[in-house]
Amino acid sequence: MKSIVILISGRGSNMEAIVQAAIPGVRIAAVVSNRPDAAGLAFAAGHGIACAVVDHKAYADRAAFDAALAETIDGHRPDLVVLAGFMRVLTDDFVRHYAGRLINIHPSLLPAFPGLHTHRRALETGVRVHGATVHFVTPTLDCGPIVVQAAVPVLAGDDEATLAARVLAQEHRIYPQAVRWFAEDRLRLGDDGRVRVRDERQAGAAWTVPALEW
Ligand code: GAR
């Protein structure tokens, strides 16, 4: 059984998707928010999941906040820490502490559009393809070895809301899938920086870089 802690800052729909997926072998030890008013906390509490708030406003600086956050997380001894709309920049020390067991979802096909307002920027740029990325977290913001990416078309007439909704539907599919791979010990980070997944459909259980999902 793998224990995971999910970090949120707001709505928590990706956290919800992971909870609803009821992944065999995964126990959600806690949901932690940096905002006391995060809407996702009510869903988690309603599902009997331990909830905690580490309010970043109560700390003098990033290092103090991250230390308190790590203490709360480590109290649950997680195998994996899942950033699900957790909108804080994390210190290098924090990221290093969780090296190889910290994943994030970002609403773009990284390395395109790191940071905020990804859908608006995709529309402004005029790209025809947009999407979402699950990746292991490294100290650079919205960067790190890609676990899985899903693409969506950008359609004529899209606005930020319609594009965001199309991407979010994919997020809700690929994030539980990535957690499932981790829980099944099917994820491996190679020396070349590529994440490979053990593909059980192939004879000999080959390790392959997951193809782009559509
Ligand atoms: C999601 O779209 C997620 O990809 C994004 O915030 C949203 C949170 O929604 N995360 C980032 O932008 C991280 N850089 P949710 O709270 O409903 O899961």
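All of the points below concern the structure found in this document.

What counts and how
Counting restarts for each chain, with residues numbered from 1 along the sequence as it is written. The predicted origin of the model limits local features to residues at a pLDDT of at least 70 and limits the giving and counting of side-chain atom pairs to 80 or more, whereas totals for whole chains, interfaces and linings rest on all residues. Just so you know, side-chain values use all the structure's heavy atoms and leave hydrogens and water out. Whenever a helix is involved, its axis is fitted only over the stretch in contact; in every case the axis is a line through C-alpha atoms, and angles between N-to-C directions fall within 0 to 180 degrees. A run of DSSP states H or I qualifies as a helix once it reaches four residues; a run of E qualifies as a strand once it reaches two. Both are numbered from the N-terminal end. Roughly parallel means an angle under 35 degrees; roughly antiparallel means over 145; roughly perpendicular covers 65 to 115; every other angle is labelled oblique. Here is the rule for handedness: rotate from the far helix to the near one, and if that takes an anticlockwise turn smaller than a right angle the crossing is left-handed, while a clockwise turn gives right-handed. Note on definitions: a residue-residue contact is assigned when non-hydrogen atoms from the two residues lie within 4.5 Å. In the sections that follow, a salt bridge refers to a side-chain nitrogen of Lys or Arg positioned within 4 Å of a carboxyl oxygen of Asp or Glu. Each residue's exposure class comes from its accessible area (1.4 Å probe, protein chains only) as a fraction of the maximum for that residue type: buried when under 20%, exposed when over 50%, partly exposed otherwise. Each residue is tested against the molecule or strand, and it is near if at least one of its non-hydrogen atoms lies within 4 Å. Identification of polar contacts relies on pairs of N or O atoms within 3.5 Å, with a donor-acceptor requirement for protein atoms, meaning one able to donate a hydrogen and the other able to accept it, and with residues adjacent in sequence counted only if both atoms are side-chain atoms. Per-residue accessibility takes into account occlusion by the displayed protein chains alone, with areas from the Shrake-Rupley method and a 1.4 Å probe.

## Remarks on the packing of helix H1 (residues 13-21) against helix H6 (residues 160-183)
Relative orientation and spacing of two packed helices are given, respectively, by the angle between their axes and the distance between those axes.
Phase 1: Their axes nearest at 9 Å, the elements H1 and H6 cross at an angle of 50°. Overall, the two elements H1 and H6 adopt an arrangement that is oblique. The hand of the H1/H6 crossing is right-handed. Residues Ser13, Asn14, Ala17, Ile18 and Ala21 of H1 lie in contact with H6, whose contacting residues are Leu168, Glu171, His172, Tyr175, Pro176, Val179 and Arg180.

## What to know about the pattern of salt bridges
Phase 1: Tallied over the entire structure, the rule returns 8 salt bridges.
Phase 2: Residue Arg186 is joined to Glu184 by a salt bridge in which the shortest nitrogen-to-oxygen separation is 2.7 Å.
Phase 3: For Arg186, a relative accessible area of 12% puts it in the buried group.
Phase 4: The residue Arg196 makes a salt bridge to Asp192 at a minimum N-O spacing of 3.0 Å.
Phase 5: Judged by its relative accessible area of 47%, Asp192 falls in the partly exposed class.

## Description of the site of the ligand
Phase 1: Close contacts around the ligand come from Arg11, Gly12, Ser13, Asn14, Gly85, Met87, Ile105, His106, Pro107, Asp142, Leu168 and Glu171, and that covers them all.
Phase 2: Ser13 is positioned such that a nitrogen or oxygen atom in its side chain is 2.5 Å from an oxygen atom of the ligand.
Phase 3: At 3.0 Å from a nitrogen atom of the ligand is found a side-chain nitrogen or oxygen belonging to His106.
Phase 4: Against a free-state accessible area of 440 Å², the protein chains account for coverage of 88% of the ligand.

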